[in-house]
Amino acid sequence: PGDYTGDGVVNGDDFLAWQRGESPYPWSSSDLEDWQVNFGNVASSVGVASTMVPEPSTGITLMLGMVALRFRRNGVMS
């Protein structure tokens, strides 16, 4: 509710759409209230990553650990 532009975000553009009469019930107080209550909300499918990606430092630490284990198994670090 309140997203009159259909972009998944309730923001100032939606207020301008309401002012232009582009809401479900043009210039109604109920549409204005929907916009006010939901201002700043973002649809859950917009801008949300579906998978988590580790930080680069985590990957580097993991690689260094694997290299250290490899050397230890080969007897280099005894």
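See above for the structure.
Treat the numbers as computed from the prediction; the structure is a model and nothing was measured.

### So, the environment of Pro26
At step 1: Relative to the helices and strands, Pro26 resides in the loop between helix H1 (12–19) and helix H2 (29–38).
At step 2: Those residues in contact with Pro26 that sit more than four places away from it in its chain are Gly21 and Asp31.

### Some points on the side chain of Ser23
At step 1: Position of Ser23 relative to the elements: it lies in the loop between H1 and H2.
At step 2: The class for Ser23 is buried, based on a relative accessible area of 7%.
At step 3: A polar contact of 2.7 Å, which involves the side chain of Ser23, links it to the side chain of Asp31.
At step 4: What Ser23 contacts, discounting residues up to four positions off in sequence, is Tyr4, Ala17, Trp18 and Asp31.

### A few points about the nonpolar core
Burial of nonpolar side chains together is a common tendency in soluble globular proteins.
At step 1: Core analysis: the biggest nonpolar cluster contains five residues, these being Tyr4, Val10, Ala17, Trp18 and Trp35.
At step 2: Setting aside residues up to four positions removed in sequence, Trp35 forms contacts with Gly2, Tyr4, Val10, Asn11, Asp14 and Phe15.

### Some points on the side chain of Ser28
At step 1: Of note, Ser28 is situated in the loop between H1 and H2.
At step 2: For Ser28, the side chain forms a polar contact with the main-chain oxygen of Tyr25, separated by 2.9 Å.
At step 3: Here Asp31 takes part through its backbone nitrogen, which lies 3.1 Å from a polar atom of the side chain of Ser28.

Here is what the cut-offs are and how they apply
- Residues numbered from 1 in each chain as written.
- Predicted model: local features only at pLDDT ≥ 70, side-chain atom pairs only at ≥ 80, totals over all residues.
- Heavy atoms only, no water.
- Helix = DSSP H or I, 4+ residues; strand = E, 2+ residues; numbered from the N terminus.
- Contact = heavy atoms within 4.5 Å.
- Buried < 20%, exposed > 50% of the residue type's maximum accessible area, 1.4 Å probe, protein only.
- Polar contact = N/O pair within 3.5 Å; in protein donor to acceptor, adjacent residues only side chain to side chain.
- Core = buried A, V, L, I, M, F, W, Y, C linked by side-chain atoms within 4.5 Å.

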